[in-house]
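A look at the structure
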Amino acid sequence: MKHLNTPQLSLDRLRLIDEQQFDIRIATDGRWFHEGDEIRRIELVKLFASVLMRDRTGDYWLVTPVEKGRITVDDAPFIVCEMFVVSGADKRANEIHFRTTLDENIVLNAAHPIFLHPADNVQNFRPYILVRNGLLAKLSRPVYYQLAEHAEKGPDGRLGVWSHKQFFALEL
């Protein structure tokens with residue numbers, strides 16, 4: 001994935017704490033597992049997600065004031081499951097909002113842009129949105145199709161959408 005600027009405050013501050021490898025994995029579909037078993041308590045998953053960080057090398061960590069442990073993320077740690085549009089004075093002023101499966105709300109804007117990353121081959125690309133601190137959410141297929149319904153040709157001739165008076169391309 002493309003390198004994203006990730007704040008290093010917490011990880012740098014915790015350099016003196018021994019690194020651990022937690023047996024936690026986030027699957028491609030956004031489900032969290034511990035020692036191979038799915039974590040079904042959504043409150044616990046939300047708690048873990050609140051301390052999730054991604055470092056400059058692309059590794060994922062759960063970081064608290066007293067410990068840090070590396071975890072495995074198969075694709076992106078979050079999945080966008082809903083989208084809605086708040087109409088503005090014109091199409092360019094519309095606000096596109098997303099909600100993840102962990103109830104995080106993200107507005108498509110300069111701080112939370114869309115990225116396209118290669119899928120299984122270089123011909124197919126998957127859309128992601130920056131949630132926070134280098135953490136991405138993958139747009140589910142239904143949400144991407146809903147987003148595509150709002151697509152139009154932008155100033156550079158590519159298809160994309162407007163949100164917060166900024167154009168976001170949906171193709172390379």
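The following paragraphs examine the structure supplied in this document. Note that the structure is a prediction, hence the values are computed from the model and not measured.

Right, let's get into the packing of aromatic side chains. Enumeration according to the criterion identifies 2 aromatic pairs in this entry. Judged by centre distance (6.3 Å) and plane angle (20 degrees), the ring pair of tryptophan 32 and phenylalanine 48 falls under stacked. Here tryptophan 32, found in strand E2 (residues 32-34), pairs with phenylalanine 48, found in helix H2 (residues 42-50); they are 16 residues apart in sequence, far enough to count as distant. Of note, lysine 68 hangs over the ring of tryptophan 61, and the distance from its end group to the ring centre comes to 5.7 Å.

With that out of the way, let us pick up the pairing of strand E6 (residues 68-73). When strand E1 (residues 19-26) meets E6, the two strands line up parallel, connected through 5 bridges. The residue of E6 that forms the bridge with glutamine 20 is glycine 69. Sheet analysis places strand E5 (residues 60-63) next to E6, joined by 4 bridges and oriented antiparallel. In the sheet register, leucine 62 faces E6, and the bridge partner there is glycine 69. Linking two consecutive strands that pair antiparallel, namely E5 and E6, is a turn of 4 residues.

So, on to the environment of leucine 130. Residue position: leucine 130 is located in strand E11 (residues 125-132). For the pair leucine 130 and phenylalanine 78, spaced 52 residues apart in sequence, the C-alpha separation works out to 10.0 Å.

So, about the pairing of E5. Burial along E5 is two-sided: the face carrying Tyr60 and Leu62 and the face carrying Trp61 and Val63 are both buried. Where strand E4 (residues 52-54) meets E5, 3 bridges bridge the pair, whose relative direction is antiparallel. If you follow methionine 53 over to E5, its bridge partner there is tryptophan 61. If you look at the hairpin formed by E4 and E5, you'll find 5 residues sitting between the two strands, and glycine 58 has a positive phi there, around 95 degrees.

So, on to the environment of tryptophan 162. Relative to the elements of secondary structure, tryptophan 162 occurs in strand E14 (residues 159-163). What makes tryptophan 162 buried here is its relative accessible area of 10%. As a C-alpha pair, tryptophan 162 and alanine 93 span 69 residues in sequence and 7.2 Å in three-dimensional space. Setting aside its immediate chain neighbours within four residues, tryptophan 162 contacts Lys91, Arg92, Asn94, Ile96, Glu152, Pro155 and Phe167. There is a polar contact of 3.2 Å between the side chain of tryptophan 162 and the side chain of glutamate 152.

Criteria and cut-off values
- Residues numbered from 1 in each chain as written.
- Predicted model: local features only at pLDDT ≥ 70, side-chain atom pairs only at ≥ 80, totals over all residues.
- Heavy atoms only, no water.
- Phe/Tyr/Trp six-rings, centres within 6.5 Å; stacked < 30°, edge-to-face > 60°.
- Helix = DSSP H or I, 4+ residues; strand = E, 2+ residues; numbered from the N terminus.
- Lys NZ or Arg CZ within 6 Å of the ring centre and 35° of its normal.
- Pairing = 2+ DSSP bridges.
- Buried < 20%, exposed > 50% of the residue type's maximum accessible area, 1.4 Å probe, protein only.
- Contact = heavy atoms within 4.5 Å.
- Polar contact = N/O pair within 3.5 Å; in protein donor to acceptor, adjacent residues only side chain to side chain.

Worth remembering: the numbers are spatial, not functional.
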